[in-house]
Amino acid sequence: MLLEVRGLRAYYRTLTGYVKAVNGVDLQLGEEILGIVGESGSGKSTLASSIILPKPPLRIVEGEVLFRGERIVAPSDTSGLTRVRYRHISIIPQYAMDSLSPTRKVYKIIKDLARGLGDDVLAKARRRLRRVNLPERVLDMYPVELSGGMKQRTVIVISTLLDPEVLIADEVTSALDVTTQRAVLEMLRDFKDSGIVRSIMIITHDIASVYQVSDTLAIMYAGRIVEHGPAEKVIRDPLHPYAQALISSIPKIGIHYKMQKLKGIPGNPPSLRNPPSGCAFHPRCSRSLDECSSREPRMVSKDGRRVACLLYE
Amino acid sequence: MTRGVWNLCANILELRGVTKVFKTGLTGKPVVAVDKVSFALREGEILSLLGESGSGKSTIARMILRFLKPTQGSIIYRGKDVWRLQGREVLEYYQEVQGIFQDPYSSFNPIHRVEHHLKQALRSLADGKKNFDEDNVIREAMERVGLNPQNVMGKYPHELSGGQLQRLSIARALLARPRLLVADEPVSMLDASTRVDLLNILAELRDEERMTIILIGHDLSLAYYISDTVVVLYRGSVMESGHVDEVLMRPKHPYTRLLLDSVPQLDKKWEHRMGLENGDQDYDELSKGCKFAPRCPKRFDKCEETPPLLTLGSRRVSCWLYADRQS
């Protein structure tokens, strides 16, 4: 197992109390592409930062993260992270492509980041750019001169220059057009298949796009994973009522409302300050039982995957 | 139903060779954002303008809503050129044509309560006349879009979810009792599980009140779900247009095909690698010929000339591949 998350709770401290953005996550990551899917406020981005970049006001409250069996994150101890960050685990934070310094050319940005690693880093950057079909002159350009797709591909090249084992990509395709979106996702798949990285965690709200390149999928709701398993199984035959409602609310080409009317999920997303008791999805769930409001579901194995729902306990 | 100065026409809205040129940068380098676009809508029709960023779809919406003036061409609403309206006609136009926009979070002033925004809109539309119960009209509009007035009245915008805010912007637009609604990416900032509900509201408005709707977007599945006709745009030009089944189920234009190939669908996985092609040329490199030619897998000599908009059955395609097959 490359990365293991055990009973992780990570909260934001605010003036009016804690925001429980990650509220009990268990997850194992092997050599695979794992898609972490959730809607806004599901805690998916916080999960990414608590694994590799926890900083105030985010606090690790409980649980731990292990990399190759060694603890790298625990409550009030994230000192293990500096050893692995970027060399072994790299992250592309949300909006990274818009955070490149506008006054520095791309090669300068790379030089700054790779200080002390010698000149071959630039040579490697050149090879990688060619690999992803970007012209080498990108290195001599300013970030503003690059289109969205080129910029995002450049960011992925930069963040994998040290050949990390694990890459965490947070919403890397959400601001892109569909045609460039596909190019970026296929690029991630290629980086995994060719061994540049061993495993990738793609965090996104777009279940249809991440499904195209993922081996496994984990669906998050209110700071927890509700279902996790092989991508094909989760999409074709979801078990958790939230996963079912989410997947059936997404139109496909060929479905017109006059032939087949789709339904969204009723109600509003839960508050993470004060999440509903028991299963956080129960107020919106069409299959909820009496005990769903009082008992927290455990993660159980069912039909080749993990699911957290009292219907399956 | 017509009010005031409007005529009954076969087409409620018609764009005739509409072009918009922006001047950019210090030198005023011209960029053609919309290039001789023509299409028409019948009353009660839902039409999707589909395109990626830079396709000019939002610029078209803003020209229809009179936020931007076309450089050339005309936009005709019920027989009148909307850019030649004068005085009261402008107010009357906004009673007929309303818009909703992509970002519901920035569509409302955060310091005012929900009902304030609706009252304000109502008053500016009523033009001084007050012969109705404001609260009642506002309640009705909220209920029309599936909001419970009891749950939202008295709240501030930040207390509502994106989906609720977007419903509220539709409610605000409905206060005018418009006949044409221009919806610019109305669901792209909403969570996946609430998008289809909002589209269902738009569909109901059309089915029950025969409202005409222009939906601007980039998501082909959402467009298929609700539209009767689609217009596919690329860098300011119409590539293909026609009935949604024709264009999205049996695409002719290579660009429509590329779009359909790239769209991620839950019922099928991408089979082949599309490869990392590069669609990032500068605009001015493409001033001549078909704008899609530099990325087109089927391009040939002819593509250096601008293709005509061909009529093939009920659809229109702008591509030299079909030049000898025009019906």
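Bear in mind that the values here come from a model prediction, so they are computed numbers and not experimental data.

I keep staring at the overall build of chain A and nothing clicks. Help me out?
Along its length, chain A carries 9 helices and 12 strands. Here chain A has a C-alpha radius of gyration of 20 Å; the compact-globule value for 313 residues is 20 Å, and the two agree. Based on the C-alpha atoms only, the size of chain A along its principal axes is roughly 65 × 55 × 40 Å. The buried share of chain A, taken over its 313 residues, is 57%. By sequence separation, contacts in chain A at least 24 residues apart represent 64% of the contacts at least 6 residues apart. Accessible surface computed for chain A: about 13200 Å², of which carbon and sulfur atoms make up 48%. One way to put it: in chain A the 45 positive side-chain charges average out to a point 3 Å from where the 34 negative ones average out.

What am I meant to see in the overall build of chain B here?
Summing up its helical and strand segments, chain B has 10 helices and 12 strands in all. At 21 Å, chain B has a C-alpha radius of gyration in line with the 20 Å of a compact globule built from 327 residues. Counting only residues that meet the buried cut, chain B has 55% of its 327 residues in that class. Look at the contacts in chain B between residues 6 or more apart in sequence, and 65% of them connect residues 24 or more apart. Split by element, the accessible area of chain B, about 14600 Å² in all, is 47% carbon and sulfur.

Explain the interface of chain A and chain B to me, please; I cannot follow it from the model alone.
As a measure of interface size, the accessible area lost when the parts come together is often cited. The interface is formed by 53 residues belonging to chain A together with 45 residues belonging to chain B. At the boundary of chain A with chain B, total buried surface from both sides reaches about 4500 Å², with 55% on carbon and sulfur atoms. It is Arg182(A), Ile253(A) and Tyr257(A) that lose the most area in chain A upon contact with chain B, and together they represent 19% of the buried surface on that side. Seen at the junction of chain A and chain B, the total is 2 salt bridges. A salt bridge links Glu204(B) to Lys261(A); the nearest nitrogen and oxygen atoms lie 3.8 Å apart. Summed over the shared surface of chain A and chain B, the number is 22 residue pairs in polar contact (both at pLDDT 80 or more). Elements supplying a minimum of two residues to the side of chain A that touches chain B: α5 (148-159), α6 (178-193), α7 (207-213), α8 (231-236) and α9 (241-248) of chain A. Ranked by residues supplied to the side of chain A that touches chain B, first place goes to α6(A) with 11 residues. Residues belonging to the side of chain A that touches chain B are distributed by class as follows: 22 nonpolar, 15 polar and 16 charged.

What exactly am I supposed to notice about the environment of Val97(B) here?
Here Val97(B) shows up in strand β6 (residues 97-100). With sequence-adjacent residues up to four places away left out, Val97(B) is seen in contact with Leu65(B), Tyr77(B), Pro178(B), Leu180(B) and Val182(B).

What am I meant to see in the nonpolar core here?
The nonpolar side chains of a soluble globular protein tend to be buried, and buried together. Residues Ile92(A), Ile110(A), Val138(A), Ile202(A), Ile207(A), Tyr242(A) and Leu266(B) are the most contacted members of the largest nonpolar core, which totals 68 residues. For Tyr242(A), the contacting residues outside a window of four places in its chain are Glu39(A), Ile219(A), Met220(A), Tyr221(A), Val226(A), Ile265(A) and Phe281(A). Leu125(B), Leu165(B), Val196(B) and Leu199(B) belong to the second largest nonpolar core, which has 43 residues in total.

I keep staring at the sheet that holds strand β9 (residues 216-221) of chain A and nothing clicks. Help me out?
Sheet strands associate in pairs through backbone hydrogen bonding, adopting either a parallel or an antiparallel arrangement. Residues and elements named next belong to chain A. Across the sheet, which stays open at both edges, the 8 strands sit in the order β6-β7-β8-β3-β9-β10-β12-β11 with mixed pairing between neighbours. With partners counted over all chains shown, the strands left at the sheet margins are β6 (89-92) and β11 (300-302), one partner each. The average angle at which neighbouring strand axes cross in this sheet is 20°, direction not considered. Of the pairings in the sheet, the one linking strand β3 (residues 33-37) to β9 comprises 4 bridges and is parallel in character. Bridging across to β9, Val37 finds its partner in Ile219. Contacts from α5 reach β6 and β7 (166-170) within the one sheet, and its direction differs from that of β6 by about 160°. Docked against the sheet, α9 engages β9 and β10 (224-230), running at close to 105° with respect to β9.

Before we go on, may I ask you to explain the packing of aromatic side chains in this structure?
To describe a pair of aromatic rings, one takes the distance between the centres and the angle between the planes. Applying the stated criterion across every chain, the model contains 13 aromatic pairs over all chains. Geometrically, the ring pair formed by Tyr242(A) and Phe281(A) is edge-to-face, given 5.2 Å between the ring centres and 70° between the ring planes. Note that Tyr242(A) is positioned in helix α9 and Phe281(A) in the loop between α9 and β11, a separation of 39 residues in sequence. Using a relative accessible area of 0% as the deciding quantity, one classes Tyr242(A) as buried. Judged by relative accessible area, which is 3%, Phe281(A) ranks as buried. Stacked on the ring of Tyr211(A), the Lys or Arg Lys269(B) has its end atom at 5.0 Å from the ring centre.

Just to check I follow, could you spell out the confidence of the model for chain B for this structure?
For residues with low pLDDT, the predicted coordinates do not support detailed interpretation. Averaged over all residues, the pLDDT of chain B equals 89, while 93% of them reach at least 70. This prediction of the complex comes with two scores: 0.90 for pTM and 0.88 for ipTM.

What is the right way to read the side chain of Arg182(A) from this model?
Within the secondary structure, Arg182(A) sits in helix α6. Among the polar contacts listed, one links the side chain of Arg182(A) to the side chain of Glu186(A), at a separation of 2.9 Å. Not counting residues up to four positions away in its chain, the partners in contact with Arg182(A) are Asp261(B), Ser262(B), Trp270(B), His272(B), Arg273(B) and Met274(B).

What is the right way to read α5(A) from this model?
Turn by turn, an α-helix covers 3.6 residues, leaving residues three or four places apart pointing in a common direction. All names here are of chain A. In this model α5 runs 16 Å from its N-terminal to its C-terminal C-alpha over 12 residues, within 8% of the 16 Å that 1.5 Å per residue would give. Counting buried positions along α5 gives 11 out of 12 residues, so the element sits mostly inside the fold. Every buried residue of α5 is listed here: Gly149, Met150, Lys151, Gln152, Arg153, Thr154, Val155, Ile156, Val157, Ile158 and Ser159. Among the structural elements, β6, α3 (106-113), α4 (120-131), β7 and α6 are those in contact with the buried residues of α5.

Would you take a moment to explain the environment of Tyr93(B) for this structure?
Mapped onto the secondary structure, Tyr93(B) falls in helix α2 (residues 88-96). Overall, the relative accessible area of 0% leaves Tyr93(B) in the buried class.

Looking at this structure, I do not really get helix α1 (residues 44-52) of chain A. What am I missing?
In terms of residue burial, α1(A) counts as a mostly covered element, since 8 of its 9 residues are buried. Turning to α1(A), its buried residues are Lys44(A), Thr46(A), Leu47(A), Ala48(A), Ser49(A), Ser50(A), Ile51(A) and Ile52(A).

Explain the environment of Val19(A) here, please?
Residues and elements named next belong to chain A. Mapped onto the elements, Val19 comes out in strand β2 (residues 17-29). By relative accessible area, Val19 is classed as buried at 15%. For the pair Val19 and Gln94, spaced 75 residues apart in the sequence, the C-alpha separation amounts to 20 Å.

Reading the values: rules and limits
Residues numbered from 1 in each chain as written. Chains lettered and ligands numbered in written order. Predicted model: local features only at pLDDT ≥ 70, side-chain atom pairs only at ≥ 80, totals over all residues. Heavy atoms only, no water. Helix = DSSP H or I, 4+ residues; strand = E, 2+ residues; numbered from the N terminus. Rg over C-alpha atoms; globule rule 2.2 N^0.38 Å. Buried < 20%, exposed > 50% of the residue type's maximum accessible area, 1.4 Å probe, protein only. Contact = heavy atoms within 4.5 Å. Areas by Shrake-Rupley, 256 points an atom, 1.4 Å probe, with all protein chains shown as cover. Lys, Arg positive; Asp, Glu negative; His and termini not counted. Charge placed at Lys NZ, Arg CZ, Asp CG, Glu CD. Buried area = accessible area lost by both parts, 1.4 Å probe. Salt bridge = Lys/Arg side-chain N within 4 Å of Asp/Glu carboxyl O. Polar contact = N/O pair within 3.5 Å; in protein donor to acceptor, adjacent residues only side chain to side chain. Nonpolar A, V, L, I, M, F, W, Y, C, P; charged D, E, K, R; others polar. Core = buried A, V, L, I, M, F, W, Y, C linked by side-chain atoms within 4.5 Å. Pairing = 2+ DSSP bridges. Axes fitted to C-alpha atoms, helices over the stretch in contact; angles between N-to-C directions. Phe/Tyr/Trp six-rings, centres within 6.5 Å; stacked < 30°, edge-to-face > 60°. Lys NZ or Arg CZ within 6 Å of the ring centre and 35° of its normal. pLDDT = per-residue confidence, 0-100. Expected span 1.5 Å × (residues − 1).

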